[in-house]
Amino acid sequence: MIDSAITSEFRRFYMEHSDTEKCWQWLGNINDKGYGTFSVKGKKYLAHRVSYLLANNLDTLNLLVLHKNDCHNRACVNPKHLYAGTHRDNYKDSIETGTDTRGERNGNAILSDSKVAQLRADRRKGMTHAELSEKYGISKTQVSNIVNKKSRK
Ligand SMILES: [Zn+2]
């Protein structure tokens, strides 16, 4: 899910400190909750979440990425200040920010409802799973789950 376009865009917006105690302040956009965000190809990503996934070599994560108590700086993207936790159940497994989480709240939700509809339409037009995976930035397994309606009713 995290491709090189996301990685290179992410790397533009913070100052890395060799001192691990220091916060890596996000220099890009900050959302209304105080978290750093950035966009790639029209999709929005949470900076601290991407930072944690990259640092831990993960593609996806079914947990929230939270700031440690001694940091508490939501705009900080120092992976050493982050940990994965479960503040809420069924938090969507996605690094995308979403303004409307209704219908997207379950853990399998990767794309917005409109994107899912679009993906299925593309599939009916004959696009392969590999092409869809590329276009929507998700894995082929996720594509086939969506096509086979495993992720959504
Ligand atoms: Zn910090």
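Residues numbered from 1 in each chain as written. Predicted model: local features only at pLDDT ≥ 70, side-chain atom pairs only at ≥ 80, totals over all residues.

Regarding the packing of helix 4 (residues 129-136) against helix 5 (residues 140-147)
Between two packed helices, the angle of one axis relative to the other and the distance separating the axes together describe the packing.
Okay, step 1: Interhelical geometry of helix 4 versus helix 5 gives an angle of 105° and a closest axis separation of 9 Å. As the angle between them shows, helix 4 and helix 5 are arranged roughly perpendicular. Of the residues in helix 5, those touching helix 4 at His 129, Ala 130, Leu 132 and Ser 133 are Lys 140, Val 143 and Ser 144.
Okay, step 2: The class makeup of the residues in the contact of helix 4 with helix 5 is three nonpolar, three polar and one charged. (Axes fitted to C-alpha atoms, helices over the stretch in contact; angles between N-to-C directions. Helix = DSSP H or I, 4+ residues; strand = E, 2+ residues; numbered from the N terminus. Parallel < 35°, antiparallel > 145°, perpendicular 65-115°, else oblique. Contact = placed C-beta atoms within 7 Å. Nonpolar A, V, L, I, M, F, W, Y, C, P; charged D, E, K, R; others polar.)

What about the nonpolar core?
Okay, step 1: If you look at the biggest cluster of nonpolar residues, it comprises 17 residues, and the most contacted ones within it are Trp 26, Tyr 45, Leu 46, Ala 47, Val 50 and Val 77.
Okay, step 2: For this core, the secondary structure elements donating two or more residues are helix 1 (4-11), strand 3 (43-46) and helix 2 (47-55).
Okay, step 3: The biggest single contributor to this core is helix 2, with four residues. (Core = buried A, V, L, I, M, F, W, Y, C linked by C-beta atoms within 7 Å. Buried ≥ 20, exposed ≤ 12 C-beta atoms within 10 Å, placed from the backbone.)

Looking at the pairing of strand 4 (residues 64-67)
Okay, step 1: Residue alternation in strand 4 divides its side chains into a buried set, Val 65 and His 67, and an unburied set, Leu 64 and Leu 66.
Okay, step 2: Pairing analysis gives four bridges linking strand 4 to strand 5 (residues 82-85), with the strands arranged antiparallel. Residue pairing across strands places Leu 66 opposite Tyr 83, the latter belonging to strand 5. (Pairing = 2+ DSSP bridges.)

What to know about the confidence of the model for the protein
Okay, step 1: Summing up the model confidence of the protein, the mean pLDDT is 82 and the portion of residues at 70 or higher is 82%.
Okay, step 2: Between residues 88-96, whose pLDDT stays under 50, and residues either more than four places distant or in other chains, the model counts 25 contacts.
Okay, step 3: In the predicted structure, residues 98-108 sits below a pLDDT of 50 and forms 18 contacts with residues beyond four places in sequence or in another chain. (pLDDT = per-residue confidence, 0-100.)

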